[in-house]
Amino acid sequence: MDVIEKLGLLLGPSFLSGINAYATIGFLGLFGRVGWLTLPKGLDVLSHPLVFGIALGLFLIEFVADKIPAFDSFWHSLQTFVRIPCGALLAYAVAGPVAPHLKVAAFLLGGTLAASSHGTKAGLRAIANLSPEPVSNWLLSFGEDAFLFVCIWLIFYLPLIMLGILVVFIVLAVWLFPKMFRAFKAALNKGARLFRPSSAGSPPSSPRTP
């Protein structure tokens with residue numbers, strides 16, 4: 001296995017875990033089980049039916065929850081405690097039999113990458129939920145699912161393109177995070193003004209007597 005393939009396997013699953021940990025683990029395990037993918041030794045545990053079966057069952061729950069505006073933001077906040085640790089563990093497992101300090105470095109790198117993709121997804125979905133119509137939320141959700149499947153294929157067959165996607169994502173994330181935060185804050189302020197009682201209809205105050 002060359003360096004490009006190793007990096008793709010090390011970083012790709014962690015990145016996808018931040019988007020959807022259940023789908024990443026479930027489909028990697030299923031595809032490895034049926035022979036469509038050759039999983040590295042560290043990830044062969046994912047091909048056990050119990051592992052990918054539970055992961056796919058949870059993915060079906062997330063598939064529905066992810067399509068419900070407003071509730072999906074609550075769901076994503078809970079998934080912070082799943083996606084980031086899973087991303088770190090996947091990188092740790094892919095690292096294989098290397099020096100302990102390298103495995104710890106892989107663990108930290110995988111967790112950081114999962115946190116970045118998870119934060120980007122959660123932020124975009126929170127902004128989409130401020131719109132009263134559900135279409136944008138559904139489009140984002142289905143787009144994320146399709147993107148995940150494409151990336152799983154790229155990790156194993158075109159790892160150089162997968163690494164290119166990761167580089168582009170990191171650059172965009174650094175550029176987008178401050179703008180996304182400002183947009184979300186502005187939308188919240190706008191919503192607060194809509195619900196703020198107007199002072200136009202309040203009775204005039206009586207003049208003070210000397």
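Residues numbered from 1 in each chain as written. Predicted model: local features only at pLDDT ≥ 70, side-chain atom pairs only at ≥ 80, totals over all residues. Heavy atoms only, no water.

Q: Just checking my understanding: could you explain the overall build of the protein chain for this structure?
A: Looking only at helices and strands, the protein chain has six helices and zero strands in total. Starting at the N terminus and ending at the C terminus, the protein chain contains elements arranged as α-α-α-α-α-α. Considering the protein chain as a whole, with its 210 residues, one finds that 40% of them fall into the buried category. Across the protein chain, the fraction of contacts at a sequence separation of at least 24, relative to all contacts at a separation of at least 6, is 72%. For the protein chain, the accessible area works out to roughly 12000 Å², and carbon and sulfur atoms hold 76% of it. (Helix = DSSP H or I, 4+ residues; strand = E, 2+ residues; numbered from the N terminus. Buried < 20%, exposed > 50% of the residue type's maximum accessible area, 1.4 Å probe, protein only. Contact = heavy atoms within 4.5 Å. Areas by Shrake-Rupley, 256 points an atom, 1.4 Å probe, with all protein chains shown as cover.)

Q: I would appreciate a short explanation of the environment of Tyr92 in the present structure.
A: Tracing the sequence through the fold places Tyr92 in helix α3 (residues 71-95). Look past the residues within four positions of Tyr92 in its chain and what remains in contact with it is Lys103 and Phe107.

Q: How do you make sense of helix α2 (residues 49-65) when you look at a structure like this?
A: Every α-helix winds through 3.6 residues per turn, so residues three or four apart in the chain are directed the same way. Its 17 residues place the ends of α2 24 Å apart at the C-alpha level, agreeing with the 24 Å of an ideal helix rising 1.5 Å per residue. Inspection of α2 places Phe52, Ala55, Leu56, Phe59, Glu62 and Ala65 among the buried residues, and these make up the whole buried set. Contact partners of the buried residues in α2: α1 (3-34), α3, α4 (100-129) and α5 (135-157). (Expected span 1.5 Å × (residues − 1).)

Q: How do you make sense of the environment of Leu160 when you look at a structure like this?
A: Positionally, Leu160 belongs in helix α6 (residues 159-195). Looking at Leu160, the relative accessible area reads 61%, which means it is exposed. A sequence separation of 156 residues divides Leu160 from Ile4, and the C-alpha atoms of the two residues are 6.3 Å apart.

Q: So what exactly am I meant to see when it comes to the packing of aromatic side chains here?
A: Here the distance between the centres and the angle between the planes together describe a pair of aromatic rings. A complete count under the given rule lists 11 aromatic pairs for this structure. For the pair Phe71 and Phe74, a centre-to-centre distance of 5.9 Å together with 50 degrees between the ring planes defines the contact as tilted. Of this pair, Phe71 and Phe74 both sit in helix α3, separated by three residues, roughly a single helical turn. Among the aromatic residues, those joined into a ring-pair cluster are Phe27, Phe31, Trp36, Phe59, Phe63, Phe142 and Phe149. Positioned above the aromatic ring of Phe142, the side-chain terminus of Lys67 is 4.8 Å from the ring centre. (Phe/Tyr/Trp six-rings, centres within 6.5 Å; stacked < 30°, edge-to-face > 60°. Lys NZ or Arg CZ within 6 Å of the ring centre and 35° of its normal.)

Q: Explain the packing of α1 against α5 to me, please; I cannot follow it from the model alone.
A: The axes of two packed helices give the description: the angle between them and the distance between them. Two elements in contact, α1 and α5, have axes whose closest approach is 9 Å; the angle formed by their N-to-C orientations is 105 degrees. One element, α1, and the other, α5, form an angle in the roughly perpendicular class. Tallied by class, the residues present in the contact of α1 with α5 amount to 16 nonpolar, four polar and two charged. (Axes fitted to C-alpha atoms, helices over the stretch in contact; angles between N-to-C directions. Parallel < 35°, antiparallel > 145°, perpendicular 65-115°, else oblique. Nonpolar A, V, L, I, M, F, W, Y, C, P; charged D, E, K, R; others polar.)

Q: Is there a simple way to think about the nonpolar core in this case?
A: A general tendency of soluble globular proteins is for nonpolar side chains to be buried together. Judged by nonpolar contacts, the single largest core of 41 residues is most densely connected at Phe15, Leu16 and Ile152. Residue assignment for this core shows that the elements contributing at least two residues are α1, α2, α3, α4, α5 and α6. (Core = buried A, V, L, I, M, F, W, Y, C linked by side-chain atoms within 4.5 Å.)

Q: I would appreciate a short explanation of the pattern of salt bridges in the present structure.
A: Should the charged atoms of two oppositely charged side chains come close, the side chains can pair. What the rule picks out here adds up to three salt bridges. Residue Glu62 is joined to Arg83 by a salt bridge in which the shortest nitrogen-to-oxygen separation is 2.5 Å. Within this pair, whereas Glu62 is found in helix α2, its partner Arg83 is found in helix α3, the two being separated by 21 residues in sequence. Residue Asp145 pairs with Lys67 through a salt bridge whose shortest N-O separation is 3.4 Å. (Salt bridge = Lys/Arg side-chain N within 4 Å of Asp/Glu carboxyl O.)

Q: What exactly am I supposed to notice about the packing of α4 against α5 here?
A: Between α4 and α5, the shortest axis-to-axis distance is 9 Å and the interhelical angle comes to 155 degrees. Viewed along their axes, α4 and α5 adopt a mutual orientation that is roughly antiparallel. Facing Lys121, Leu124, Arg125, Ala128 and Asn129 of α4, the residues of α5 in contact are Ser136, Asn137, Leu140, Ser141 and Glu144. Among the residues forming the contact of α4 with α5, the class breakdown is three nonpolar, four polar and three charged.

Honestly, it's all geometry; don't read function into it.
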